[in-house]
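# Structure assessment
Below, each chain spelled out in residue letters.
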Amino acid sequence: MPQQRKQSSSSLPSSKPSLIVFDLDNTIWTPELYQLRRLERSGGNPVAGKDVNLFPGARSIIESIRASPDKWSGTSFAVASRTKSGPWAHDLLDQFGLRDFFDHVEIFPGNKKAHFENLKRDSGVPYNEMLFFDDSRDGRFGNCQPVSELGVLSVHCPDGLRTDELFHTAMKRYTEWSGKPNTIIEWDGSVSEVAQIPEGERLRGVVKMVNNERLFGFIKYKEKSSKDLFFHFSNLPEGGRGVMGAVSEGDEISFVVETDRKNGKKMATKIKKHSWSSSSISSSATTNEDSNAVNMRAFSMNLPFAALLANGYKTLETRNGTMFTPYPEGTKMLLHVGRRTYPDGDRHIEVMRSGGLSDTEIEDLKSLPGGFGRGMAVAILEIGKTYETTVQERSDPDVQ
């Protein structure tokens, strides 16, 4: 049983983290466990080294730490995972021989703030002496941003720990860190301070996305550095019905930020729909108004599939939702590249090789057009025929 450390009274972090915490799916190993649907349907269990593999960088980091116990004296290690496949995750830790490496293991669904509250309680380590690695930064399923609010220095590794470079960079950034909450080390080694949306006061924003089937959406707050804000239709006038309640993408609204008691995340409440024009709020949020700008709908995809689509190789997309069904064939949309790399265990490479492509050709197709990168709109696409299918149809090898 790990000994509980005495709480530090210092407001500044030490030169080395007292607790280093790792996410599992797409951080330590790949693929994410929820992707093993066929294995789940067959009632099987994932096998380490076959169905799930450690990232080379993660393996290197763990082996290096094990080889130098004196260097890491005073530092404990932990897991914080929100996977719903808890029994599988625990079993894989045993299969990979990692159970004894981690002093604390927190694996359960939900907001990772709860995982870190448990870690703080059980380890006695204050938040500002922790370092956290996770592939998901912000948004509905984000982890780095909410954990950073606690005062934990969070490291965004969207590609997982494929190499040990980001780990060593993060250790250096930790020694330079002031201990200020809401700080994230980005995938390229840069450091960001996340802007916080004030609670209690009425703010203005634009509806960025609406899901009419599941009765929720996201608001883009006019400060560019702030994250998109979740809202539920229950916080719209008339429950999202009628002229005053119904909202669409691009509508200007005002709202009050509150913390959701269920999950601890911020959400928009007391929403009011306004009649001012899009140009007025755009000009108030930016200093230079571009008269040549046009409004277009956009959808987001992560690499490598965003690049395969932008380069004209990928022509078929399957999604669990029905986001494209409202739009007729021929609708033009922008393709936005997400911050993450989709963790398919390099299955796409096997498929492309089976089609006769060389590794050089595959790398070219997986690369974004020159001058473009993550977080940018990279192409204008025309939507083709859209139709609903069953899980069985989507799992057919010809579709895959």
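In this report, we go over the structure that sits alongside the text. The residue numbering used here restarts from 1 in each chain and proceeds along that chain's sequence as written. Totals for whole chains, interfaces and linings use all residues, but because this is a predicted model, local features are given only for residues with pLDDT of at least 70 and pairs of side-chain atoms are given and counted only at 80 or more. With hydrogens and water excluded, all non-hydrogen atoms of the structure serve as input to the side-chain values.

Okay, the overall build of the protein next. In this description a helix means any DSSP run of H or I spanning at least four residues, a strand means any run of E spanning at least two, and both kinds are numbered starting from the N terminus. Helix and strand counts for the protein stand at 12 helices and 17 strands. Type-normalised accessible area, obtained with a 1.4 Å probe on protein chains alone, sets the label of each residue: buried when under 20%, exposed when over 50%, and partly exposed for intermediate values. Relative to its full complement of 400 residues, the protein shows a buried share of 43%. Contacts are assigned to residue pairs that have any heavy atoms within 4.5 Å of one another. Across the protein, the fraction of contacts at a sequence separation of at least 24, relative to all contacts at a separation of at least 6, is 69%. All accessible areas in this document rest on Shrake-Rupley with a 1.4 Å probe, and a residue is counted as covered only by the protein chains that are shown. Here the protein has roughly 21,300 Å² of accessible surface; of this, 49% comes from carbon and sulfur atoms.

In this analysis, rings of Phe, Tyr and Trp, with Trp reduced to its six-membered ring, are considered paired at centre separations within 6.5 Å, and the interplanar angle assigns stacked below 30 degrees, edge-to-face beyond 60, and tilted for intermediate values. Inspection of every chain in the model, using the stated rule, returns 16 aromatic pairs. Look at F22 and F133: their rings are 5.4 Å apart centre to centre, the planes differ by 15°, and that puts the pair in the stacked class. Here the residue F22 occupies a position in strand β1 (residues 19–22), and F133 occupies one in strand β6 (residues 130–134), the gap between them amounting to 111 residues. Ring geometry for F22 against F167: centres 6.4 Å apart, planes inclined by 20°, an arrangement best described as stacked. Residue F22 is found in strand β1, and its partner F167 is found in helix α6 (residues 165–176); the two are separated by 145 residues along the sequence. With respect to class, F22 is no different from F167; both count as buried. Through successive ring pairs, a cluster of aromatic residues spans F22, W72, F77, F101, F102, F133 and F167. Distance and angle both matter: a charge sits over a ring if NZ of Lys or CZ of Arg is within 6 Å of the ring centre and within 35 degrees of the ring normal. Sitting over the face of the ring of Y127, K120 holds its NZ or CZ atom 5.5 Å from the ring centroid.

This next bit is on the environment of M296. Looking at the element boundaries, M296 is found in the loop between α8 (278–285) and β15 (298–303). Note on M296: relative accessible area 32%, which makes it partly exposed. For the pair formed by M296 and I380, sequence separation is 84 residues and the distance between their alpha carbons is 9.4 Å. With near-sequence residues (within four places) excluded, M296 lies in contact with K332, M333, L334 and I380.

Looking now at helix α4 (residues 112–123). The end-to-end C-alpha distance of α4, which contains 12 residues, comes to 16 Å, matching closely the 16 Å that a straight helix rising 1.5 Å per residue would cover. For α4, every residue scored as buried is listed here: K112, K113, H115, F116, N118, L119 and S123. Those residues of α4 that are buried are in contact with β1, β4 (76–81), β5 (104–107), β6 and α5 (144–149). The N-cap of α4, judged by a side-chain oxygen 2.9 Å from the amide nitrogen of K113 a few residues on, is N111. Count one or two residues on from α4 and you reach G124, which has phi positive near 75°. Expected span of a helix: the number of residues minus one, times 1.5 Å. The definition of a polar contact used here is a pair of N or O atoms within 3.5 Å, where within protein one atom must be able to donate a hydrogen and the other to accept one, and adjacent residues in sequence count solely through side-chain atom pairs.

Further remarks concern the nonpolar core. Nonpolar side chains tend to gather and get buried jointly when the protein is soluble and globular. Side-chain atoms within 4.5 Å are what join buried Ala, Val, Leu, Ile, Met, Phe, Trp, Tyr and Cys residues into a set we call a nonpolar core. If you look at the biggest cluster of nonpolar residues, it comprises 40 residues, and the most contacted ones within it are I20, F22, W29, L131, F133 and F167. Contributions of two or more residues to this core are made by β1, α2 (56–67), β4, α3 (86–95), β6, β7 (153–156) and α6. For this core, the element with the most residues is α6, which contributes five residues. Excluding residues within four positions of it along the chain, W29 makes contact with L24, V52, N53, L54, F55, A89, L92, L93 and F96. In terms of nonpolar packing, the next biggest core, distinct from the first, is built from 22 residues, A306, M333, M352 and L381 among them.

With that out of the way, let us pick up the sheet that holds strand β14 (residues 266–273). Sheet strands associate in pairs through backbone hydrogen bonding, adopting either a parallel or an antiparallel arrangement. One requirement defines pairing of two strands: DSSP has to find at least two bridges between them. Read once around its circumference, the closed barrel built from five strands follows the order β10-β11-β12-β14-β13, with strand pairing classed as mixed. Neighbour-to-neighbour, the strand axes of the sheet open up by a mean angle of 50°, direction not taken into account. In the sheet, strand β11 (residues 216–221) pairs with strand β12 (residues 229–232) via four bridges, with the strands oriented antiparallel. When the bridges of β12 are listed, G217 appears paired with F231. To obtain each axis, a line is fitted to C-alpha atoms, and for helices this fit is confined to the stretch in contact; angles are then taken between N-to-C directions over 0 to 180 degrees.

Take the pattern of salt bridges next. Two side chains that carry opposite charge are able to pair once their charged atoms sit near each other. We define a salt bridge as a contact between a side-chain nitrogen of Lys or Arg and a carboxyl oxygen of Asp or Glu at a distance within 4 Å. Throughout the structure, instances matching the rule amount to 19 salt bridges. For D138, the salt bridge is made with R137, and the minimal N-O distance between the two is 2.8 Å. By relative accessible area, D138 is classed as partly exposed at 32%. Between K366 and E363 there is a salt bridge, with its nearest N and O atoms 3.8 Å apart. Residue E363 is classed as partly exposed on the basis of its relative accessible area, which comes to 43%. A cluster of three or more residues bridged by salt bridges with shared partners is formed by D23, K112 and D134.

The three strands are arranged β15-β16-β17 in an open sheet whose pairing can be described as mixed. The open sheet has two edge strands, β15 and β17 (377–382), and neither has a second partner. Averaged over all neighbouring strand pairs, the angle between strand axes comes to 40°, with direction disregarded. Sheet topology note: the strand β16 (residues 332–341)/β17 ladder contains five bridges and is antiparallel. For M333, the partnering residue across the bridge sits in β17 and is L381.

Below, the discussion takes up the side chain of Q35. Relative to the helices and strands, Q35 resides in the loop between β2 (29–30) and α1 (37–41). The class for Q35 is buried, based on a relative accessible area of 17%. Sequence-distant contacts of Q35, that is, excluding residues within four places in its chain, are made with Y342, P343 and D344.

Glancing now at the environment of S254. Within the fold, S254 resides in strand β13 (residues 252–259). Separated by 2.9 Å, the side chains of S254 and R202 make a polar contact.

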